[in-house]
Amino acid sequence: MRLVAVWIYLGCWIPTHAQDECPPPLSPDERPRPCMWRSELTKNERGFRFLDWLVAGCYLKDRYSRDCTELPTDRHVEYEGFDGWYNNLAVPSLGAVDTPLQRLLPTAYSDGVYQPADRKVNPLVASQRLMSGSNGLYSKAARTAFSVYFGQQVVEEILDSQGRACPPEYFNIDIKPSHRYRKNSPHLEQLPFHRTRYDRTSGLSTNNPRQQLNEITPYFDGGLVYGTSKGWADVLRYNADGTLAPRGKLASNSKLQLGKDFPAENTQALPMANPPAPTNHSQYTQQGFTAPVDRFFKLGNPRGNENPFLLTFGILWFRWHNLLAEYFDKKFGSDWTDERIFNEARKWVIATYQSIVLYDWLPKYMRAEPAKYKRYNPNINPQVSHVFQSAAMRFGHTLVTSGGYLRTKDREGCHSVASLRLGSHEFSRDNTGVRTCNSFWRSPELFHHNPNDFEWFLMGLSSQSSEEEDNIIVEDLRGSVFGPLEFSRRDLMALNIQRGRDHGLPDYNTARKHFGLPTLNSLEVEEFKRVTGTEVKDEVLMELKSLYKHPSQLDIWPGGLLETTKEPGQLFSKIILDQFERSRDGDRFWFENKENDLFADEERSRIRQVKIIDVILSVTNLIAGEDIQEDPFTAVHLDNNIGEKCQKTLNISVSCTLTNGSSTTCNYLPQLEDKNTEKCTNVDTYDYFSGSEISYVFSVIVLVLGCVGLKVFVRIVAKKRKKIKEVKDSEKVSFDELTHKAKERISYMDTRDVIVKFVPNSKRIVVLNMKGVLLRTIDFTNVQVVIRHSTHFLRIVHQVSNHYDLFLMFQEEFYASKYKVGLEKFFNEIELVPTYRQETRDKLRLKFTTVYDREKMLDEFSRVVMSNAFSDSAATTLSRKCSLSTLYPKDDKISSIQITQTELAHQLGMLPDSVFVEQMFRIMDKNNDGFITVKEFWDVMVVFAKGTRSEKAELLFNLCDVSQTGSISSEDFTRILESTLCSERSREDFEHVIKNVLSTIGLGNGQSINFEQFKDVFGQDSRVFENIWINFERGKLVNKPSTFSLCESQSPVRKSIKKSLSSKDFAQQEKEENASLNPIIEKFQGFSNQLRSKEQYYFWQFLYTLVMILVFMERAYYYLIEQEHGGLRKVASIGVTITRGAASAMMFTYPTLLITASRNLLSKLRSTPLHRFFPFDDMVTFHRYVGTWALFWTLLHVIGHAVNFYHISTQTPADLACLFREFFRRSHILPKFHYWGWQTITGLTGIFLAIQTAVIYAFAYKLRRHFFKWFWITHRTYPLFYFLIILHGFGRLVQDPFFYYFFLGPCIIFSFDKLITMSRSKIKFDVMSAVHLPSNVILLKIRRPADFSFKSGQWVRIASLGISEYEYHPFTLSSSPHEKDLTVHIRAVGPWTYKLKSIYPDKSQMQEDEKYHQIYVDGPFGGSHQMWWNFEVVIFIASGIGVTPFSSILKEIADKIKNSKSLLKTKKVYFLWITRSQKQFEWMTEILREVEEIDKNGIINSHTFITQFRSKYDLRTVVLYIAERHFQRLSGTSLFTGLRAITHFGRPNFELVFESIMQKYYAKVYGVFTCGSYMISETVDQACHRLNRKISCACFKHYYENF
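Residues numbered from 1 in each chain as written. Predicted model: local features only at pLDDT ≥ 70, side-chain atom pairs only at ≥ 80, totals over all residues. Heavy atoms only, no water.

Draft legend 1. Focus on the nonpolar core. Judged by nonpolar contacts, the single largest core of 173 residues is most densely connected at Phe150 and Trp320. Tallying contributions element by element places helix 11 (residues 338–366) first for this core, with 15 residues. Contacts of Trp320, omitting those with residues within four sequence positions, involve Phe50, Leu51, Leu54, Trp348, Val349, Thr352, Val615, Ser618 and Val619. Of all hydrophobic cores here, the second largest spans 33 residues; its members include Tyr1097, Phe1112, Tyr1150 and Phe1281. (Core = buried A, V, L, I, M, F, W, Y, C linked by side-chain atoms within 4.5 Å. Buried < 20%, exposed > 50% of the residue type's maximum accessible area, 1.4 Å probe, protein only. Helix = DSSP H or I, 4+ residues; strand = E, 2+ residues; numbered from the N terminus. Contact = heavy atoms within 4.5 Å.)

What follows is the structure, encoded as structure tokens:
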């Protein structure tokens, strides 16, 4: 009946002996023999037939029939997890991914905690001497290459501890000079070795030594098929187009040549291992990146694509899963969901894999059976042990072959197949098989080229012997295993030894003792062989002894390897079996565990019988016994045979011993070795910084240009503006034969555009700038002239004796020729014959006397004369007739100098054509040759220094005798006054003054004054001739008046001061009181007084600085000490410490700037009692202080990162992936500097921030005055600045961002402050009138709203709707709080203010119905000046437009005086007005006049300092001084201001001024308020500091605002 059924099924006759060749199973539970799978069926049909037996329990009575029962459909079970968690319910983390390896042996860390074990033998030397030898030997234990590579994927199922420690730790191996790595190119000196990842909670003490991690589970749970996470498994199920593979399958390949039998490609970029293929090293280094990870097949094992043999098994299990999924879909259809099918298929894959590994492969690999399974034991720790990971499991390395065969089927001839030569990228028929060393990480290429390679590899590996079980390791592992780009080929055996030391494994004897094995007394050959039973050659054992000397120093890996016989030695056998049994017995989901309900008893029985051949036959078209032996783990022999053709191909017969101990003859293909396969490619290296050079230099240049280059840009813009203005000015100048335009070279580098005029009448050449202002004059009287010129006179140097050279340049020959004609005509007219000399351009440029050379000589000239003439030292007191050699014995160049009238005027700071200069020059030039010699200059200076009163009077008389008649006429007097006064007053005023001066000596108007009468006029003030002096710009005089009095009725000299005081001079008294003090105490006292002057500010400044430095130190300490062994700290050394500290300081300082810029808040707080504790008045200064620190930290951060990023760019991609985990990049990318700098959010924002910071600070510090609009615009970019800082931190380059800790509070405060400003600044104010005042000042009168309140001294921000409603500028209110309307005085000094002046014409020019543009007013804001009422004695100092806030304050004071209001503490007010001329601010004069009229009690004391004049005893001013005193006696007002206030000449010496005030009004604290230029504020500040240092009983507190 069976034959009938076969005939019916196949439609053909089957001979009766067929069923005898393949006997059926005796029972339904017995595994059918592989011969029962008929070749006529497809592989899926054959697979289904096997699954009928395995899953459904069908009774396969013969090759064609079956007897099946229905499968249960309602049984749901707990499926095993992916990551090992909760496998053990008592300890959920036991066996989970990323948990520590189990330590069976005591640690041998050199420090007992984490430092690698200290053994002296170099691993490379040990590898070379103990594990080298000829390869191509055959297995003595019938092992096949199939068994070896199956073993590799078994290990990778339970162990992955190859991850690098993070931060990276290197334990490199030194390369000896004799090693081939060092002898041959590229002559490497160290083999890089990365220490393994470890549990960060370990390695802290000897009780808690470092524990390395197993990154996968130690269970046989299908991790190499599905991965160790649900997410990974899900990705394996998705096709390349994003669709889910149907019905529980794993996604198949989308390429037609591969189809559904191969896994999908990794287009989703699963993070699979992707080291560079060594054979492609040169390609990778040239292109700057390796091969992308999407070329790999998607597998559960991240390293599954390492070599084609390992990949073959990955494909095998992929097919096995999909076969099971198809089977369940066919059986249950829609009753089961896709997820149910997937999980059921996975459950059966895991179970069959467990059975095959433990009961099919392991006994043959170990030649020993594992202990019988009893039950699941939750007390067993299944985790892989260190000694298994670092030593025992590496026994398989001795079995690895140099390559693998590809063989066809028996019916196809069973011949080996030519393969792609991966080492040379070509095919060759001469070399069969695939070389192991050249196939690393290029496996998919083989299968893409020919999908048949899968089955060919299965047949080829099963027909190939493993390497002999001995100590020899093939070159493919021992010297040519894959490595990183910087070391493309490595020695895996040396790495094995180093790994054991890294993991702190003890010595070989300790390991044997722990596993109950006898220990060695020595490493003698006989001793080693006796104890271990090894079959290794004696020569190798002798090398062992010479290297290690003693067993206590022997590493476990070489020691255990040298125990090898036909199976692993005693130690490794113990370790390996122990590991597999623990992984089995501690697994709750092991298929034999009856308590997990995964399988029924019958199913467990059938699973227990599954062999690897069953899986192969189910997923391929191979036929057992023909194409492949029934036991691929064992070599072909009589009872494990293949087809006849294949028996002939396997022509190598070797005597071997089977697992059962019987000897037989094993048949193999010829072993692959160096002779019959391609060579391994050579080792090579790579510099990771290569390719970064251009981007690094470019980035540095960008930053430098962005910072330093900004200055150049601004200078260019400034020059361009200047050029445009000069062009406009030159258009106003008419050029003729006497007037020429040229470019003057004034130094070796600097030039300027000038106008040159020939003046033949006075024998002069005049040089003016483009505005027509005189620059210099060359007098050709009594001089020698040399004209040096280039070809065509394009360059001309006028070399005139006693003058510095005039170097002119012309761009075109036409203008040069025109100038030459004019010059020759000029010389002809003045009858002068110059010397012409043609020279090269370079010689002209390098050899000419510049103005700076001349000034240097004049400096020396003045210094010598003045220091000797005015010295009080007896040693330097000279006779008037002393020789010049005595004056200056060093060099006769000084004695030969002759000064021109122009240079004398420059020395005096006056115009050359001034009457005073002409008279002074006439007096000095005794020989009338047009020049002043040193002797002539000396004679006059000695009169000033040592002359008698009569001699000084005579000198002054001659100076005033302009007409040289021996008497001074009223006209002469007037000319002298006009010369020095510069027409400050009308001629009528001068005549009135002169008339009164003459009347004092009984002369009428029009009469002349002789010398005696002149002495009578000036003799009225005896101080004149005693103190008369002249101050040269370059001469430093010593007898300049050293005291000052605000009361001109008192003498300014110290003798007079003493008479005016009831006691000693105050300064002298202070000096006497402190004379006995120790110098250290003096310095301390001065320092304490200086601090006391601004105690609030200095206190908070110190506190802020202290906190800021602590912030810096906290991060710096963290990275310096706590992260000392951190990766980034190791890479960048101290650099990361500095940059991280600087970054934290930046986070602290930049938000602080927002607080200091919250004007509304500060203005409000200034009016509260808090102003007594916080320096709100100094917030602008504090803003700059914080900004300076912020800039300092920024520069430190940027410069530090420039260095850090260089170091980072030299690191390996693996290290960088560890250090910067937040920066995702594809694994084939080699991150260069341009990646970090321009392709990461941190780098890109960092560069933009650096440039923006440079721009903001450049216009804030140096360029604000000249480019205020740009200052305003750049400062308005602060939102972008802070936004970039936030983005910069979000990159998480080094640490998680915490900038918001510092930023959030100030940001909220500043935001509310800005909202207040926005709500207020958009209220429109009417401008009632505008008045144009002298000195480009415009007065705006603004209608004051009823609710607008302010205090005197406060300021507002104004935006004109006629210009821009968004551009605000600050101005101080000049109106007083009691006034009805608001007024501001604005000086036109820049583009905006000039435009303001133009759109607000003077009210006299306005029509009746015409209206002014409205304005926005933001404010008022508090200023430091509003605190004046807090001091008993107040000193107001105004410079220029700085009088504005004081006009408001003085008017308020006058109002309070007028209305009998109290001034609180204030008893005395001094107002010092410093101005070049009172004409500049006549409107302030009117205010002062009103105040004087109201102030009857003399509370306000006003003083005016006119800076265009010298001191009253200066020779140039003494005549004015006499005139002023006469006018004041007559009229009671100043000749210059018309005020009762005393007028002073020259700039005040503030230290003397303050001393004079102290003598008049004593107070413990003086309030000094300054408003004006920075120079005035700085001078006042220095005076306050000097006084505070030397006076202990009083303190000057200085408050200032600059414009």
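Draft legend 2. Here's a closer look at the sheet that holds strand 26 (residues 1355–1360). If you trace the 4 strands from one edge of the open sheet to the other, you get 23-29-26-27, paired in antiparallel fashion. On the outer flanks of this sheet lie strand 23 (1324–1325) and strand 27 (1369–1372), each paired with one strand and no other. Bridge analysis of strand 26 against strand 27 gives 4 bridges, and the strand direction is antiparallel. Opposite Ile1358, over in strand 27, you have His1369 as the bridge partner. Contacts between helix 45 (residues 1159–1166) and the sheet are confined to strand 26 and strand 29 (1415–1421), with strand 29 contributing the most and set at about 45° to the helix. (Pairing = 2+ DSSP bridges. Axes fitted to C-alpha atoms, helices over the stretch in contact; angles between N-to-C directions.)

Draft legend 3. Spatial organisation of the pairing of strand 14 (residues 751–759). As paired strands, strand 13 (residues 739–745) and strand 14 are joined by 7 bridges and run antiparallel to one another. Paired with Arg745 across the bridge in strand 14 is Thr751. Where strand 13 folds back onto strand 14 in an antiparallel hairpin, the turn is made up of 5 residues. Where strand 14 lies against strand 15 (residues 764–768), 5 bridges are found, and the strand directions are antiparallel. The residue bridging Ile755 from the neighbouring strand is Leu768, located in strand 15. Between strand 14 and strand 15, which pair antiparallel in sequence order, lie 4 residues; one of them, Lys763, sits at a positive phi of approximately 55°.

Draft legend 4. Molecular detail of the packing of helix 4 (residues 123–130) against helix 16 (residues 492–502). One can describe the packing of helix 4 onto helix 16 by two numbers: an axis separation of 8 Å at closest approach and a directional angle of 130°. Put simply, helix 4 runs oblique to helix 16. At the point where helix 4 passes helix 16, the crossing takes the right-handed sense. Taking contact as the criterion, the partners of Pro123, Leu124, Ala126 and Ser127 in helix 4 are, on helix 16, Met493, Ala494, Ile497, Gln498 and Arg501. Looking at side-chain class alone, the contact of helix 4 with helix 16 contains 6 nonpolar, 2 polar and 1 charged residues. (Parallel < 35°, antiparallel > 145°, perpendicular 65-115°, else oblique. Left-handed = near helix turned anticlockwise from the far one by under 90°. Nonpolar A, V, L, I, M, F, W, Y, C, P; charged D, E, K, R; others polar.)

Draft legend 5. Geometry of the side chain of Glu1452. Along the chain, the position of Glu1452 falls in helix 54 (residues 1443–1458). A polar contact of 2.2 Å, which involves the side chain of Glu1452, links it to the side chain of Ser1352. In this structure, Glu1452 is in contact with Ser1352, Ser1376, Pro1377, His1378 and Trp1428, ignoring residues within four places of it in sequence. (Polar contact = N/O pair within 3.5 Å; in protein donor to acceptor, adjacent residues only side chain to side chain.)

Draft legend 6. Looking closely at the environment of Phe1290. Note that Phe1290 resides in helix 51 (residues 1278–1290). Overall, the relative accessible area of 45% leaves Phe1290 in the partly exposed class. For the pair Phe1290 and Ile1241, spaced 49 residues apart in sequence, the C-alpha separation works out to 8.0 Å.

Draft legend 7. Examining the packing of helix 44 (residues 1134–1156) against helix 46 (residues 1179–1209) more closely. It is at 8 Å that the axes of helix 44 and helix 46 come closest, and there the two elements cross at 155°. Classified by the angle between their axes, helix 44 and helix 46 sit roughly antiparallel to one another. At the point where helix 44 passes helix 46, the crossing takes the left-handed sense. Split by residue class, the contact of helix 44 with helix 46 holds 16 nonpolar, 12 polar and 1 charged.

Draft legend 8. Broad picture of the pattern of salt bridges. Overall, the coordinates contain 57 salt bridges when judged by the stated rule. Its salt-bridge partner being Glu535, residue Lys140 comes within 3.3 Å of it at the nearest N-O pair. Residue Lys140 is found in the loop between helix 4 and helix 5 (145–158), and its partner Glu535 is found in the loop between helix 18 (525–532) and helix 19 (538–548); the two are separated by 395 residues along the sequence. One salt bridge in this structure joins Arg608 and Glu592, with 3.9 Å as the shortest N-O distance. Residue Arg608 is found in helix 22 (residues 601–608), and its partner Glu592 is found in the loop between helix 21 (570–585) and helix 22; the two are separated by 16 residues along the sequence. What you see here is one network of salt bridges that share partners, running through Glu169, Arg195, Arg210, Arg499 and Asp502. (Salt bridge = Lys/Arg side-chain N within 4 Å of Asp/Glu carboxyl O.)

Draft legend 9. Structural detail: the sheet that holds strand 28 (residues 1382–1387). Pairing is antiparallel in the open sheet, where 3 strands are placed in the order 24-25-28. The sheet is open, and its two borders are formed by strand 24 (1327–1333) and strand 28, each paired with just one other strand. The sheet shows a mean angle of 20° between the axes of neighbouring strands, direction not considered. In this sheet, strand 28 lies alongside strand 25 (residues 1337–1342) in antiparallel orientation, the contact comprising 6 bridges. Counted as the bridge partner of Ile1342 is Leu1382 from strand 28.

Draft legend 10. Highlighting the state of the cysteines. Counted by the stated rule, this structure contains 4 disulfides. Covalently, Cys166 is tied to Cys1218 through a disulfide, its sulfur atoms 1.8 Å apart. Here Cys166 and Cys1218 share a disulfide; its torsion about the S-S bond, 100°, makes the bridge right-handed. Of this pair, Cys166 sits in the loop between helix 5 and strand 2 (173–174) while Cys1218 sits in helix 47 (residues 1213–1219), and the two are 1052 residues apart along the sequence. When sorted by exposure, Cys166 lands in the same class as Cys1218, which is buried. (Disulfide = S-S within 2.5 Å.)

Draft legend 11. Quick look at a nonpolar patch on the surface. On the surface, Phe1099, Phe1102, Leu1103, Leu1106, Val1107, Ile1109, Leu1110 and Met1113 cluster together into a nonpolar patch covering about 700 Å² of accessible area. Among the secondary structure elements, Ile1109 is positioned in helix 42 (residues 1095–1122). When its relative accessible area of 32% is taken as the criterion, Ile1109 is described as partly exposed. (Patch = residues over 30% accessible without salt bridge, like charges linked within 9 Å, V, L, I, M, F, W, Y side chains within 5 Å. Areas by Shrake-Rupley, 256 points an atom, 1.4 Å probe, with all protein chains shown as cover.)

The values reported here are purely geometric and, on their own, carry no functional implication.
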